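Spelled out from the first residue to the last, the chains are:
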Amino acid sequence: MVAIIKCRDDESEYLGLLERLHQARRHDWEWTFTRRRDQWSKGSHLLLIASLDAHGRFRITRVGKSVRRRGAKHQEQQLSVTHVRQLRRPLALDELLDGLTPSQRRHHVEEGQQTKGTGEALRALLLRLRPEVTEAVKLIEGATEPWSFGSSRAAQEVALQRDATLAVTRMAGMQVPRLAEWDPPAEELYDDRVPPLFLDLVGEGNGLDEPLDRSGGFQQELSASSDEILSEQPALEDHLVTHDTHTMRGWFSDETNHVAWREFREHGRTLLVANANRTPAEQLLGCDVIFYNVSRHSLVLVQYKKLDAARGGYYYPNSDGNLAKELIRMRSLDRYAEMQASLGDEQRLDASPSWIKLCHPRSVLPHTTEMIHGMYFSRRQFEALRDDGRLKDGRQGAVRFGYKNVPGYLDNTLFTRLVETGQIGTTGTSTDLVRQQVIRSFHGRRNLVLAALSGEQPPQAKRNAQRRGGY
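Rules used in this analysis
- Residues numbered from 1 in each chain as written.
- Predicted model: local features only at pLDDT ≥ 70, side-chain atom pairs only at ≥ 80, totals over all residues.
- Heavy atoms only, no water.
- Salt bridge = Lys/Arg side-chain N within 4 Å of Asp/Glu carboxyl O.
- Buried < 20%, exposed > 50% of the residue type's maximum accessible area, 1.4 Å probe, protein only.
- Helix = DSSP H or I, 4+ residues; strand = E, 2+ residues; numbered from the N terminus.
- Pairing = 2+ DSSP bridges.
- Phe/Tyr/Trp six-rings, centres within 6.5 Å; stacked < 30°, edge-to-face > 60°.
- Lys NZ or Arg CZ within 6 Å of the ring centre and 35° of its normal.
- Core = buried A, V, L, I, M, F, W, Y, C linked by side-chain atoms within 4.5 Å.
- Contact = heavy atoms within 4.5 Å.
- Arc of directions from axis to C-beta.
- Axes fitted to C-alpha atoms, helices over the stretch in contact; angles between N-to-C directions.

**Student:** Can you lay out the pattern of salt bridges for me, pointing to particular residues and giving the numbers?
**Tutor:** Pairing between side chains becomes possible if they bear opposite charge and their charged atoms approach one another. Within the structure shown, the criterion is met by 24 salt bridges. Measuring nitrogen to oxygen at the nearest pair gives 3.5 Å for the salt bridge that ties glutamate 263 to arginine 265. Of the residues examined, glutamate 263 reaches a relative accessible area of 10% and is grouped as buried. Overlapping salt bridges, with partners in common, bring together Asp288, Lys305, Asp320, Glu326, Arg329 and Arg446 in one network.

What follows is the structure in structure tokens.
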């Protein structure tokens, strides 16, 4: 994303002071300022910093990286700027804007964040007119800051939903680097509110300069109840609205309309991902991942649990008051899937759908596509380990799961690769069963990440070549 800031007189002077104080000592420094909040709905940008010259004209004198901080008073937004670099040859702002097309000029914002298309055009023009600033721009765009979310339960739920969203893209065998381009919440998250959805914190990525009008476009073709469901959702492009999309949206009732959708396409396959939840953080019982491979009729359900940092990074199943009900649900799902299997179905290493991920108790998330470290267990393996003497090493012989005592588990890479290659997951699963699990997740007051993969399913050798960039 690209943004423009027009410095006031005192701000230009202050910037010069910061540069004189710190650059001689080669210290990194930070500049903070406030602007109208409605100009900065997303918080991380390549910032073009313009200052007035002696003739009262704005010139781009610096570039930097801006990050949205907490809201200030009177509907203003605080922003922090780092990695500021001076242009050896300042560029008149009007000269830069003159290079935009009429369409891009219409979407240009005088001050604040630019739309995706206009921002990309401004960046390209800047590098063409001032090629010597290329390295500085690359440095700024490559500079990432981790998000330290602390002990807030609401922030932890966002972290789990982010991890689960990354997981389903890997289960689909897709590389989705733009999921790293997300803006952590600028405001403090409170546990008595519904936490924001991870996909709502990710850019639209639809390539449009102007968002689709939610009162028109494809929504006119949907029923009134569907319009209500979509009222809180980002609009998708007309041509992306498929039969599967309509079907999946119909699984969410009016009371579950806190839903965000994205559609990703790669190598002839389409992955539709939904983040959904409607419950305040203090009432949430964790996160469910439901991954449905439409072409192979395969279902995988992952239930997230978190290792307790206060207890040395262990999970104590006997202290989890929700575990018993959740295991009953998982056993029921596993039995149903086993009953539906037939001799003609694809063979799996494990055809049970139910899995558990114990997540590492980290409180910092990087702006990358790195997932939270964790241990994956099938439901059967998890229950067997509860009776394993090697895990009865807590206080008074309590059972506990941790990296130091679990004899074996699947990590992120191995688990998602096994799902992608069809080595684990059900066979012959119907969409009705997937729908049932979606509803049960909501009734169980859980965060939900739902994904449906459809399209071509080439042989694994071809998929491997595509992963390596071959054809």
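What follows picks up the thread again.
**Student:** Can you tell me about the pairing of strand S12 (residues 354-359), naming the residues and giving the values?
**Tutor:** For S12, the tally of buried residues reaches six of six residues, placing the bulk of the element in the interior. Alignment of strand S11 (residues 298-306) against S12, held across six bridges, turns out to be parallel. Within the sheet, the bridge partner assigned to tyrosine 304 lies in S12 and is lysine 357. Looking at chain direction, S12 and strand S14 (residues 374-378) are connected through five bridges and run antiparallel.

**Student:** How would you summarise the packing of aromatic side chains if you had to cite specific residues and measurements?
**Tutor:** Following the criterion strictly, the structure yields 12 aromatic pairs and no others. Geometrically, the ring pair formed by tryptophan 31 and phenylalanine 33 is tilted, given 4.6 Å between the ring centres and 35° between the ring planes. In this structure, tryptophan 31 and phenylalanine 33 share a single accessibility class: buried. Where tryptophan 182 meets phenylalanine 198, the ring centres are 5.6 Å apart and the plane angle is 65°; that geometry is what we call edge-to-face. Taken together, the residues span a long stretch of sequence, with tryptophan 182 in the loop between helix H6 (153-171) and helix H7 (224-230) and phenylalanine 198 in the loop between H6 and H7 at a distance of 16 residues. There is no split in this pair, since tryptophan 182 and phenylalanine 198 are both buried. The ring of tyrosine 314 carries arginine 400 above its face, with NZ or CZ at 4.0 Å from the centroid.

**Student:** Account for the nonpolar core, naming residues and giving values.
**Tutor:** Membership of the largest hydrophobic core comes to 48 residues, with the highest contact counts inside it found for Leu271, Phe291, Val302, Tyr304 and Phe415. Put simply, the parts of the chain that give this core at least two residues each are H6, strand S8 (259-266), strand S9 (269-276), strand S10 (287-293), S11, S12, helix H11 (412-420) and strand S15 (447-455). Here this core gets 10 residues from one element, more than from any other, and that element is H6. In this view, leucine 271 contacts Val168, Thr169, Ala172, Met174, Arg262, Glu263, Phe264, Phe291, Ala451, Ala452 and Leu453; residues no more than four positions away in its chain are not counted. With 21 residues, the next largest nonpolar core counts Leu91, Leu97, Ala121 and Leu125 among its residues.

**Student:** Hey, could you go over the environment of arginine 37 for me, with residue numbers and the actual values?
**Tutor:** Inspection of the secondary structure puts arginine 37 in the loop between strand S2 (31-36) and strand S3 (44-52). Along the primary structure arginine 37 and leucine 79 are separated by 42 residues, whereas in three dimensions their C-alpha atoms are 9.8 Å apart.

**Student:** Any details on unusual backbone geometry? Residues and values, ideally.
**Tutor:** With phi around 55°, histidine 267 is a residue other than glycine that occupies positive phi space. Looking at the secondary structure, you find histidine 267 in the loop between S8 and S9. The phi dihedral of arginine 445 falls on the positive side, at around 55°, and the residue is not glycine. For arginine 445, the position within the fold is in the loop between helix H12 (431-443) and S15.

**Student:** Lay out helix H5 (residues 134-142) with the relevant residues and their values.
**Tutor:** Listing the buried residues of H5 in full gives Ala136, Val137 and Ile140. Down the axis of H5, the smallest arc covering the buried residues is 100°, so these residues share one side. Along H5, exposed side chains directed more than 90 degrees from the buried face belong to Glu135, Lys138 and Gly142.

**Student:** Outline the pairing of S8, listing residues and values.
**Tutor:** Among the eight residues in S8, seven count as buried, and that is most of the element. Note that S8 and S9 share eight bridges and pair antiparallel. Looking at the pairing, glutamate 263 lines up with leucine 272 of S9. If you look at the hairpin formed by S8 and S9, you'll find two residues sitting between the two strands, and histidine 267 has a positive phi there, around 55°.

**Student:** Report on the sheet that holds S15, specifying residues and quantitative values.
**Tutor:** The seven strands lie next to each other as S8-S9-S15-S10-S11-S12-S14, forming an open sheet whose pairing is mixed. Each edge of the open sheet carries a strand with a single partner, namely S8 and S14. Going across the sheet, the axis of each strand differs from the next one's by a mean of 20°, ignoring polarity. Strand contacts of helix H10 (residues 379-386): S12 and S14, with the helix running at about 100° to S14, the strand carrying the most contacts.

Any functional reading would require information that these geometric values do not contain.
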